[in-house]
Amino acid sequence: MTNNMKKIIATLCLSAAAVLPAAAQDATATIHVNKGQNIIPKEIYGQFAEHLGTCIYGGLWVGPESPIPNTQGYRNDVLQALKDLKVPVLRWPGGCFADEYHWMDGIGPRDKRPKMQNNNWGGTIEDNSFGTHEFLNLCELLGAEPYISGNVGSGTVEELAKWVEYMTSDGETPMAKLRRQNGREKSWNVKYLGVGNESWGCGGNMRPEYYADLYRRYAVYCRDYDNHKLYKIASGASDYDYNWTKVLMDNVGGRMDGLSLHYYTVKGWGGPKGSATNFDNQEYYWTVGKCLQLEDVIKKHCDIMDQKDPKKNIGLLVDEWGTWWDEEPGTIRGHLYQQNTMRDAMVAALSLNVFQRHTDRIKMANIAQVVNVLQSMILTDTKGTGHMVLTPTYYVFQMYKDFQEATYLPMDVKVDSINVEGGHMYKMTPGKIPAVSISAAKKADGSIVVSLANTSLDKAQEVELNLDGANAKTVTGRMLTSKKITDYNDFEHTDVVKPVDFKGAKLKKNILKLSLPAKSIVVVNVK
């Protein structure tokens, strides 16, 4: 351990200790029920499925001949769990895999599709049995919008243009005819098209100026067919690379509908990232601080975009986010299989609260990833027994369903906070962790949904909410918490962390008082 790391740990220990006051402190907020303006797009609760580890094979897809119960090859248990989640949008086929993926290898009879090596993720041999038809049909089964990431890094303009034609043309075009020969008469409803992925890194190691010119070229030839209108997304920055955003806004501007941003809650890329399950209080508080740095990063990218696009016509899409820990011991290197604890659930809730505050610019977010990879919703038994378990993060998304397409409500908040200081090795600047994170929205039926996260590990928080302008009569809620922040669900213990009815709310004359247990996430609905 270097002296620099020792100093960082010492600082974090002091900061973590500061989070533990002698007595629980109150948090107050006035929620302006009739002043909401921005609709929270359902797409910010989106998912991401990459050909990585067992996300696709063994996670979403087992094939129609599998003994594991399935519908047309899709696992029944996973399919139902995702339907229950109301997944609004699903991104595919990557990630880094997208820029080595050649879509024509994944169409036609499955037994005749060529194999390839997945060079980005463990060197696994990919048999291409899950391709365009399998993915887009899955989206239809889920009722989710497909988000296609196109190959710019190793592909060609012609290849991506033909893929768009294959998926969206209903005319007598060559690719539409090929699609019909492969069993699909009508085109799919494909709206979101990513023009490359992480073009600054695994997607081609490009300079922003070069990528900007390349994007302009690709965007020309990815045409709208018939009644389809593509929403074209440029490959954007990684977390703190503000210059990438500036160059694309200067050189691409309105030629793109959206610009992506990737932000992981991760210690760094050069060494150990830490265990997903074996961590101490100090590491937990650091994780919360790193997670909440997301808001500052979003603000800075939005400020750059505002200079060229003050009317906010170009969306910011955080299409990769979440925690990234070391792979679980005994799993395949490069498959990024990690467990999922109550700490991950807290990161999910805090991140969603941040996104909900910035939906004037953020139009989509896609957590990485949906099954068996990184901060996933679902874990399936990689030994092929057919077992499935829902993670704490899954339950956060389940609890947040009512926010989809609701109107974000502004509020005046006063909460205690603590100082957390990180080091340059973690690219973390001094910041504050709120003891309570709050977000609220009004649904179409007039009811109010409020999410609250108590980040303290051992102190309850008494919260008072003034529902300004409401006519509140009843309150119901759900809560996610656990005995220990390191708790998780596995195949032998599937319900260690799961939601329960929340009994700690009292409503009187538009004043809502809530008692939040330590390390808890609560979502209430007020009618």
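This section reports on the structure supplied with the text. Please read these numbers as outputs of a predicted model, since none were measured by experiment. (Residues numbered from 1 in each chain as written. Predicted model: local features only at pLDDT ≥ 70, side-chain atom pairs only at ≥ 80, totals over all residues. Heavy atoms only, no water.)

1. Comments concerning the overall build of the protein
Here's step 1: A tally of helices and strands in the protein yields 10 helices and 27 strands.
Here's step 2: The C-alpha radius of gyration computed for the protein amounts to 23 Å, which stays within 12% of the reference 24 Å derived for 527 residues, consistent with globular compactness.
Here's step 3: On the principal axes, the C-alpha backbone points of the protein span a range of 70 × 50 × 50 Å.
Here's step 4: Partitioning the contacts of the protein with sequence separation of at least 6, the portion at a separation of at least 24 is 75%.
Here's step 5: Entry remark: accessible area of the protein is about 21,100 Å², with carbon and sulfur atoms responsible for 49%.
Here's step 6: For the protein, the distance from the average position of its 60 positive side-chain charges to the average position of its 60 negative side-chain charges is 5 Å. (Helix = DSSP H or I, 4+ residues; strand = E, 2+ residues; numbered from the N terminus. Rg over C-alpha atoms; globule rule 2.2 N^0.38 Å. Contact = heavy atoms within 4.5 Å. Areas by Shrake-Rupley, 256 points an atom, 1.4 Å probe, with all protein chains shown as cover. Lys, Arg positive; Asp, Glu negative; His and termini not counted. Charge placed at Lys NZ, Arg CZ, Asp CG, Glu CD.)

2. A word on the sheet that holds strand β21 (residues 448–454)
Here's step 1: The strand order across the open sheet formed by 6 strands is β16-β20-β21-β27-β23-β24, and the pairing between neighbours is antiparallel. Either end of the sheet is taken by a strand with one partner, and the two such strands are β16 (407–408) and β24 (500–501).
Here's step 2: When strand β23 (residues 475–480) meets β24, the two strands line up antiparallel, connected through 2 bridges. Residue pairing for β24: M479 is matched across the bridge by V500.
Here's step 3: This element, helix α9 (residues 342–357), spans β16, β20 (436–442), β21, β23 and β27 (520–526) of the sheet and lies at about 50° to β20.
Here's step 4: Where helix α10 (residues 392–399) meets the sheet, it contacts β23 and β27, and its direction lies at approximately 165° from that of β23. (Pairing = 2+ DSSP bridges. Axes fitted to C-alpha atoms, helices over the stretch in contact; angles between N-to-C directions.)

3. Overview of the state of the cysteines
Here's step 1: With the rule as written, the count across this model stands at 1 disulfide.
Here's step 2: Through a disulfide, C96 is tied to C202; the S-S separation comes to 2.2 Å. Of note, the bridge from C96 to C202 carries an S-S torsion of about -90° and is left-handed in sense. Placement of C96 in the loop between β5 (89–92) and β6 (116–118) and of C202 in the loop between β9 (192–195) and α6 (208–221) is noted, with a sequence separation of 106 residues between them.
Here's step 3: Given a relative accessible area of 12%, C96 falls into the buried group. (Disulfide = S-S within 2.5 Å. Buried < 20%, exposed > 50% of the residue type's maximum accessible area, 1.4 Å probe, protein only.)

4. Structural notes on the side chain of N340
Here's step 1: Relative to the helices and strands, N340 resides in the loop between β12 (315–323) and α9.
Here's step 2: What makes N340 buried here is its relative accessible area of 0%.
Here's step 3: There is a polar contact of 3.1 Å between the side chain of N340 and the backbone oxygen of S376.
Here's step 4: Of the polar contacts made by the side chain of N340, one reaches the side chain of T393; its length is 2.9 Å.
Here's step 5: In this structure N340 touches Q375, S376, T391, P392, T393, D487, Y488 and N489, once residues within four positions along its chain are discounted. (Polar contact = N/O pair within 3.5 Å; in protein donor to acceptor, adjacent residues only side chain to side chain.)

5. Quick notes on helix α8 (residues 281–308)
Here's step 1: Here α8 is 28 residues long and its end C-alpha atoms lie 43 Å apart, about the 40 Å a rise of 1.5 Å per residue gives.
Here's step 2: Near the N-terminus of α8, the side chain that reaches the backbone nitrogen of Q282, with its oxygen 3.3 Å away, is that of D280. (Expected span 1.5 Å × (residues − 1).)

6. What about the packing of helix α2 (residues 76–85) against α10?
Here's step 1: Here α2 crosses α10 at 40°, and the two axes come no closer than 9 Å. Classified by the angle between their axes, α2 and α10 sit oblique to one another. Contacts from A81, D84 and L85 in α2 reach Y394, F397 and Q398 in α10.
Here's step 2: Class assignment for the residues of the contact of α2 with α10 results in 4 nonpolar, 1 polar and 1 charged. (Parallel < 35°, antiparallel > 145°, perpendicular 65-115°, else oblique. Nonpolar A, V, L, I, M, F, W, Y, C, P; charged D, E, K, R; others polar.)

7. As for the environment of N278
Here's step 1: Inspection of the secondary structure puts N278 in the loop between β11 (258–265) and α8.
Here's step 2: With a relative accessible area of 63%, N278 lands in the exposed category.
Here's step 3: Spatially, the C-alpha atoms of N278 and N340 are 11 Å apart, while their sequence positions differ by 62 residues.

8. Some details on the nonpolar core
Here's step 1: By size, the foremost hydrophobic cluster in this structure holds 125 residues, and its most contacted members are F355, Y400 and I521.
Here's step 2: Each residue touching Y400, except ones within four places of it in the same chain, is listed here: Y45, A349, L352, N353, Q356, S451, I521 and V523.
Here's step 3: Ranked by size, the runner-up nonpolar core spans 26 residues in total, among them I31, A435, V450 and M479. (Core = buried A, V, L, I, M, F, W, Y, C linked by side-chain atoms within 4.5 Å.)

9. Details of the packing of aromatic side chains
Here's step 1: Evaluation of the coordinates by the stated rule reveals 23 aromatic pairs.
Here's step 2: The interplanar angle of 70° and the centroid separation of 6.1 Å between the aromatic rings of W92 and F130 together place this pair among those described as edge-to-face. Here W92, found in strand β5, pairs with F130, found in the loop between β7 (124–126) and α3 (132–142); they are 38 residues apart in sequence, far enough to count as distant. Note on accessibility: W92 and F130 belong to one class, buried.
Here's step 3: With a centroid separation of 4.6 Å and an interplanar angle of 15°, the aromatic rings of W92 and F135 are classed as stacked. Taken as a pair, W92 in strand β5 and F135 in helix α3 lie far apart in primary sequence, 43 residues in all. (Phe/Tyr/Trp six-rings, centres within 6.5 Å; stacked < 30°, edge-to-face > 60°.)

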